[in-house]
Every structure is written in structure tokens, then in C-alpha cells.
Amino acid sequence: MSSEPLRHETYTHGHAPAVVRQHAQRTADEAAAFLLPELSPGLCLLDVGCGPGSITRGLAERLAPGEVVGVDLSRETLEGARRDAAARGLRNLRYETGSVYELPFPDASFDVVFAHQVIQHLRERTNALRQMLRVVKPGGLVAVRDVDWGTAAYWPRDPWIDRFIEVHQQAWYRNGGEPQLGRQLRALFNEVGVAEPRITASVWCYATPAETTAWGESYADRLLTSMGEAPVQHGLASRSDIEQMAAAFRTWAAHPDALWMFIHVEALGRKPM
Ligand SMILES: C[S@@+](CC[C@H](N)C(=O)[O-])C[C@H]1O[C@@H](n2cnc3c(N)ncnc32)[C@H](O)[C@@H]1O
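Analysis parameters
- Residues numbered from 1 in each chain as written.
- Predicted model: local features only at pLDDT ≥ 70, side-chain atom pairs only at ≥ 80, totals over all residues.
- Heavy atoms only, no water.
- Phe/Tyr/Trp six-rings, centres within 6.5 Å; stacked < 30°, edge-to-face > 60°.
- Helix = DSSP H or I, 4+ residues; strand = E, 2+ residues; numbered from the N terminus.
- Buried < 20%, exposed > 50% of the residue type's maximum accessible area, 1.4 Å probe, protein only.
- Pairing = 2+ DSSP bridges.
- Axes fitted to C-alpha atoms, helices over the stretch in contact; angles between N-to-C directions.
- Contact = heavy atoms within 4.5 Å.
- Near = heavy atom within 4 Å.
- Polar contact = N/O pair within 3.5 Å; in protein donor to acceptor, adjacent residues only side chain to side chain.
- Areas by Shrake-Rupley, 256 points an atom, 1.4 Å probe, with all protein chains shown as cover.
- Nonpolar A, V, L, I, M, F, W, Y, C, P; charged D, E, K, R; others polar.
- Right-handed = clockwise from strand over helix to strand, strands pointing away.
- Parallel < 35°, antiparallel > 145°, perpendicular 65-115°, else oblique.
- Expected span 1.5 Å × (residues − 1).
- Arc of directions from axis to C-beta.
- Left-handed = near helix turned anticlockwise from the far one by under 90°.
- Patch = residues over 30% accessible without salt bridge, like charges linked within 9 Å, V, L, I, M, F, W, Y side chains within 5 Å.
- Salt bridge = Lys/Arg side-chain N within 4 Å of Asp/Glu carboxyl O.
- Disulfide = S-S within 2.5 Å.
- pLDDT = per-residue confidence, 0-100.

Colleague: Which parts of the structure should I look at to understand the packing of aromatic side chains?
Modeller: Within a pair of aromatic rings, the relevant descriptors are the distance that separates the centres and the angle that separates the planes. Under the defined criterion, the tally for this structure stands at 19 aromatic pairs. Their ring planes at 70 degrees and their centres at 5.9 Å tell us that Trp149 and Trp260 sit as a pair that is edge-to-face. With Trp149 in strand β5 (residues 136-155) and Trp260 in strand β7 (residues 259-270), this pair connects stretches of sequence that are 111 residues apart. Take Trp149: its relative accessible area is 2%, and that puts it in the buried class. Its relative accessible area of 0% is what places Trp260 among the buried residues.

Listed below in C-alpha cells is the structure:
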């Protein structure tokens, strides 16, 4: 695999255990709710940028005996995903290391191609979506869901969390991604010529003690590991600023009034016949 497209692109969240652990909580029921009504057993599906595979395995369970393949750049993350699939005895699920820019499959290999919270991290977003379309059969489905960090809202306010939301997005832009991709998904689908686009939106809302603790503690841990690196490298924050942001998330997480929400946009469409 050539690393050419990746030389100018950095995955802002990184692959620290705190990041991967949080992604592994995701489910097909929630993350792919917009796609599930279109799925039936026997269809074959590619999950691009599948990460630890908790969504991928939910899709594999639904589509069996249809083949489901997860692709991700991170070998280490995929090792965990493979162990999980083996422990669950999922024989129709496999994982391959690879990049969305050079998907290691012939044209028209899959009935469905899915990417959850991936395209927002890429610099060449139209190229990525074109590659996804390439491997779908004509008339097959392409399904994408991305966050829009411009819609992040929370309570109670803390100047360090406000600063984090600003700096996180600035670092993300400098890494080549688009943290506000959600609102642009319709435009992206139109640009690439996806047929019959259907755009929907849903909200992640954390407002119970268990939810705010999980979210706030996870962001504190993530900031102190791989996610805090980009703002420091880009000169957007000092190491001590990052520590203050992490501490603010821990305080917020335990607050009885704590609430966090942001919007995720889903785009579903078909490869033209
Ligand atoms: C935010 S995680 C999402 C993981 C999973 N889809 C989920 O929602 O839980 C983004 C994933 O995209 C992967 N990724 C980033 N750039 C990629 C690329 N060019 N090709 C394939 N995967 C990529 C990262 O390694 C990471 O696992």
C-alpha cells in the first residue's frame, strides 16, 4: 500500500487505548440505525474505517450468511477486532488492513459500503467517497455518518471546555480533516454523484450520571494521551493547557447538572446503475 495520500493527513483522535475503548462501545443499532431498514441477510457489506469493530460485528450478525469486511489503517486496532469476532464465532466477518484511498477490492464487490465517523478525518473526502462507490455494485448502497462539532453544546459552561472545543477543531483542520462535515454531507454526496441521496440527523445526548461520567472521563483520558498531541504539536495549546482541559472534563463529568449533545448527520444513497 502506497502511503502517498497519508503523508499529509493525520487521524486527529489517534489510537490510544482510551480512544479505541470508547469507540468499542458503539453499536450497529445506534450508529447504523439509518441503514438497518435497508439490510437483509445475505447482503455483503464493507465497513470502511471500522476501528475496533463493535459496529461491524452488529452488521455481520444481521447480514449472515452475507460476508462483512472491516477495513482500517490501524493494524493494532484490527487485531482486537479479529479476536472479538473469533470469540463470538462470527464466520462471515473478516478484517483487512488498508486505506479508504486504495481499497483492496475489485470494482463492484459489495452490496453496501458503510463509513461511520471516518470521512470527517480525511483530507481527500471526495476521493474517499469515490473509492467507496467504486467497490459498490451498481444500484448498491453507500451509507455515511459523520459528526458536526459546530453543533456541540454542553452545560454547565467551563472556559477550559470551551477552549477545548475550539482548539480541538483547529487541530483537526490542520490535520486535514473537517470536524463540521455533518452539515456538508449532502453536498459531498451531490458532488460525487450518489443517486437518491437521503439525509437525516440524530443527536448524541449525555445527561445521566453514567453517561456524563463515561463521556467526560473518556475525553479527559483521551486528552492526556493521543488526542492532546495535535493541539500541542500545532502550537494551539501548551501541555499545561491540555491538563487543565482534562481536569475540566473530569469536574464536568461529575456535575449533577451535566449535559452534552451534538448532532450527527447520516447520508444514504445508491451507486448509479
Ligand atoms: C473515529 S474512528 C471510527 C471507528 C468506527 N467506524 C466507529 O465508528 O467506531 C475513525 C477510524 O478511521 C480509521 N481511518 C482513518 N483514516 C483512514 C483511512 N485513510 N483509511 C481507512 N481507515 C482510516 C482510523 O484508524 C479509525 O479507526
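Colleague: What is the right way to read the sheet that holds β7 from this model?
Modeller: By way of backbone hydrogen bonds, the strands of a sheet pair with one another, either parallel or antiparallel. Strand order in the open sheet formed by 7 strands is β3-β2-β1-β4-β5-β7-β6, and the pairing between neighbours is mixed. With partners counted over all chains shown, the strands left at the sheet margins are β3 (93-97) and β6 (195-206), one partner each. Direction aside, the axes of adjacent strands within the sheet are offset by 20 degrees on average. Examined bridge by bridge, strand β4 (residues 110-116) and β5 share 6 bridges and lie parallel to one another. Along β5, the bridge assignment pairs Phe114 with Ala143. Contacts from helix α6 (residues 159-174) reach β5 and β7, with the element oriented near 145 degrees to β5.

Colleague: Looking at this structure, I do not really get the site of the ligand. What am I missing?
Modeller: Around the ligand, 19 residues are found, and the nearest of them are His15, Arg26, Gly49, Asp72 and His116. Arg26 is positioned with one of its side-chain polar atoms (N or O) 2.7 Å from an oxygen atom of the ligand. Contact distances for the ligand include 2.9 Å between a nitrogen atom and a backbone N or O atom of Val100. About the coverage of the ligand: the protein hides 98% of its 600 Å² of free accessible area. Residues belonging to the shell around the ligand are distributed by class as follows: 8 nonpolar, 9 polar and 2 charged.

Colleague: For this particular structure, what's the right way to read the pairing of β4?
Modeller: Every regular strand shows the same layout, with side chains that alternate between the two sheet faces. Extensive coverage of β4 is indicated by the burial of 7 of its 7 residues. Judged from the 4 bridges that link them, strand β1 (residues 45-48) and β4 form a sheet pairing that is parallel. Bridge pairing in β4 links Val48 to Ala115. Each parallel crossover has a hand, and the one from β4 via helix α5 (residues 125-134) to β5 is right-handed.

Colleague: It is not clear to me how the packing of helix α8 (residues 209-224) against helix α10 (residues 239-253) should be interpreted in this structure. Could you clarify?
Modeller: How two helices sit against one another is set out by the angle between their axes and by the gap between those axes. At their nearest, the axes of α8 and α10 sit 8 Å apart, and the two run at 170 degrees to each other. By the angle between their axes, α8 is roughly antiparallel relative to α10. Here Thr212, Thr213, Trp215, Gly216, Glu217, Tyr219, Ala220, Asp221, Leu223 and Leu224 of α8 come into contact with α10, specifically with Arg239, Ile242, Glu243, Met245, Ala246, Phe249, Arg250, Trp252 and Ala253.

Colleague: Explain helix α4 (residues 75-87) here, please?
Modeller: Each turn of an α-helix holds 3.6 residues, which means side chains three or four residues apart point in the same direction. Taking 1.5 Å as the rise per residue, α4 with 13 residues should run 18 Å; its terminal C-alpha atoms sit 18 Å apart, in good agreement. Turning to α4, its buried residues number three or more, namely Thr77, Leu78, Ala81, Asp84 and Ala85. Buried positions in α4, seen along its axis, are confined to an arc of 115 degrees and lie on one side of it. Exposed residues lying more than 90 degrees from the buried face of α4 are Arg75, Glu76, Arg83, Ala86 and Ala87. Phi turns positive, to about 70 degrees, at Gly89, one or two residues after α4.

Colleague: Looking at this model, I keep getting lost on the packing of α6 against α10. Mind explaining?
Modeller: For the pair α6 and α10, interaxial distance at closest approach is 8 Å and the crossing angle is 120 degrees. Judged by the inter-axis angle, α6 sits oblique to α10. Where α6 crosses over α10, the handedness of that crossing is left-handed. Touching Trp160, Ile161, Arg163, Phe164 and Val167 of α6 are Asp241, Gln244, Met245, Ala248, Phe249 and Trp252, all from α10. Considering only residue class, the contact of α6 with α10 consists of 8 nonpolar, 1 polar and 2 charged.

Colleague: Before we go on, may I ask you to explain a nonpolar patch on the surface in this structure?
Modeller: Together, Val203, Met261 and Ile263 line one region of the surface with nonpolar side chains, adding up to about 230 Å² of accessible area. For Ile263, a relative accessible area of 32% translates into the label partly exposed.

Colleague: For this particular structure, what's the right way to read the state of the cysteines?
Modeller: Two cysteines form a disulfide when their sulfur atoms are joined by a covalent bond. Within this structure, the stated rule accounts for 0 disulfides. Between Cys50, a cysteine without a disulfide, and Cys44, which holds the nearest cysteine sulfur, the sulfur-to-sulfur distance is 16 Å.

Colleague: Mind showing me how you'd approach the confidence of the model for the chain here?
Modeller: As a note on interpretation, predicted positions should not be read in detail where pLDDT is low. Chain-level statistics for the chain give a pLDDT mean of 93 and a share of 95% at 70 or above. In this model residues 1-7 is a low-confidence stretch, pLDDT under 50, and it forms 12 contacts with partners more than four residues away in sequence or in other chains.

Colleague: Looking at this structure, how should I read the pattern of salt bridges?
Modeller: Side-chain pairing between opposite charges can occur once the charged atoms of the two side chains come close. Scanning the model with the defined rule gives 17 salt bridges in all. We note a salt bridge from Arg94 to Glu96, for which the minimum N-O separation is 2.1 Å.

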